[in-house]
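Structure at a glance
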Amino acid sequence: MKGKELRRVLLTNDDGPNSPFFDAWVKHLREGLGWECYVCIPAGEMSFVSKSVSKGPLRLDRKDDHTVYVEGGSPAACVNIALHHLSKDVDLVLSGPNVGHNCGRSFLISSGTLGAAMEGALHRFPSIAISFPFFNGWMNWTEDEVFATCRTASDIVFSIWENWESQTEGSIQAEVYNVNVPLGTGSQGKYEIRYTKVDCLASYGSLFGSSDEDQTGDEFIWKPEGIRVFESTTIEVGSDVEAVHDRAVSISPLRADFFRASQVLVPETSNPARP
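Just so you know, these numbers come straight off a predicted model, no measurement behind them. (Residues numbered from 1 in each chain as written. Predicted model: local features only at pLDDT ≥ 70, side-chain atom pairs only at ≥ 80, totals over all residues. Heavy atoms only, no water.)

**Concerning helix H5 (residues 143–162)**
Helix length check: H5, at 20 residues, gives a terminal C-alpha distance of 29 Å against a target of 28 Å (1.5 Å per residue), a fit within 8%. Of all the positions in H5, only Val146, Ala148, Thr149, Cys150, Thr152, Ala153, Ser154, Ile156, Val157, Ile160 and Trp161 are classed as buried. Those residues of H5 hidden inside the fold are in contact with helix H1 (22–32), strand S5 (92–99), strand S6 (127–132), strand S9 (176–180), strand S10 (193–195) and strand S13 (249–254). (Helix = DSSP H or I, 4+ residues; strand = E, 2+ residues; numbered from the N terminus. Expected span 1.5 Å × (residues − 1). Buried < 20%, exposed > 50% of the residue type's maximum accessible area, 1.4 Å probe, protein only. Contact = heavy atoms within 4.5 Å.)

Here it is, written out as structure tokens:
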């Protein structure tokens, strides 16, 4: 925001402390940029939980004065606890980096990373969700690529922050930004940034399959299909999925609300007669 210093940032994620990107991200923000950061993250992996809020009881594992793990806490619960009880005086909520992409409607609705950012927005804090899509297999990346991506992502975050009040979707100001920064972006110099809409065509398929160890057919385990939506054959032009497919940075301005589409037919009366 123009003229307003970025003093303190709340950091969270949905991959927990074992995320292969989170430590490098925090180190870069704190040591590389000198940002004051308060960390409040789930004690374990909590992806695909959307904006669900764990009711608890939730126990805090305090690592130091500025780092807390929440045992059993969803990402949104972490943000709620932090903003109301642990670190009330923050300028910005940063969620991520998600390990992998968060693009397309099906993923944004499901994402714990975006869910945490939405929780921040509901409490009137500017919030950004960051994801690092990767394309060459799990852990098949270098420290230099991770560092370059962290540096690029932080540049984008700061640019969004500085221009927040001037970047609007029509006449409506964004409350949340969903940002995908392909892993390695910035390591080869120039890169492309696109402001994108959310793709509503590409989606995942079945998320579960029968357990190989269960002979009854009554036990299902996590076996997602079609989750690499950027490989879909049906991708909307100008969308976040298209940008990730093209290895470009995607920035999607969002609102933390539901809206009624203008094309949806509604009854003429709001008080229909009951039989």
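**Looking at unusual backbone geometry**
At the junction of Gly56 and Pro57, the peptide bond is cis and its omega measures out at 10° in the coordinates. At the junction of Gly96 and Pro97, the peptide bond is cis and its omega measures out at 0° in the coordinates. Here Pro97 shows up in strand S5. With phi around 60°, Phe48 is a residue other than glycine that occupies positive phi space.

**Considering the pattern of salt bridges**
Applying the stated criterion across every chain, the model contains 13 salt bridges. One salt bridge connects Arg228 with Glu231, and the closest N-O pair in it is separated by 2.8 Å. If you follow the salt bridges from partner to partner, you end up with Glu192, Arg194, Glu242 and Asp246 in one network. (Salt bridge = Lys/Arg side-chain N within 4 Å of Asp/Glu carboxyl O.)

**Some remarks on the sheet that holds strand S3 (residues 59–64)**
A sheet is described by the order of its strands in space; here nine strands give the open sequence S3-S4-S2-S1-S5-S6-S9-S13-S10, paired in mixed fashion. Strands at the two margins of the open sheet, each flanked by one partner only, are S3 and S10. Shown here is a sheet whose adjacent strand axes are inclined to one another by a mean of 20°, direction ignored. Of the strands in this sheet, strand S1 (8–12), strand S2 (36–42), S3, strand S4 (67–71) and S5 touch helix H2 (residues 75–86), which is tilted by about 135° from S2. The strands that helix H4 (residues 112–122) touches are S1, S5, S6, S9 and S13; relative to S6, the one it contacts most, it runs at about 170°. (Pairing = 2+ DSSP bridges. Axes fitted to C-alpha atoms, helices over the stretch in contact; angles between N-to-C directions.)

**Describing the pairing of S5**
The side chains of a regular strand alternate, first on one face of the sheet and then on the other. Of all eight residues making up S5, eight are buried, and the element is well covered by its neighbours. Relative to S5, S1 is paired through four bridges, and the arrangement is parallel. Of the residues in S5, the one forming a bridge with Val9 is Leu92. The pairing of S5 with S6 spans five bridges and is parallel. For Ser95, the partnering residue across the bridge sits in S6 and is Ala129.

**Observations regarding the confidence of the model for the protein**
Within the protein, residue pLDDT values average 90, and 91% of them lie at 70 or more. When pLDDT is averaged over each helix and strand of the protein, the minimum, 56, is found for strand S7 (residues 168–169) and the maximum, 98, for S6. (pLDDT = per-residue confidence, 0-100.)

**Topic: the side chain of Ser250**
As for its placement among the helices and strands, Ser250 is situated in strand S13. Within the structure, the side chain of Ser250 is placed 2.7 Å from the side chain of Thr196, a separation counted as a polar contact. When sequence neighbours within four positions are dropped, the list of residues in contact with Ser250 reads Asn178, Val179, Asn180, Arg194, Thr196, Asp240 and Ala243. (Polar contact = N/O pair within 3.5 Å; in protein donor to acceptor, adjacent residues only side chain to side chain.)

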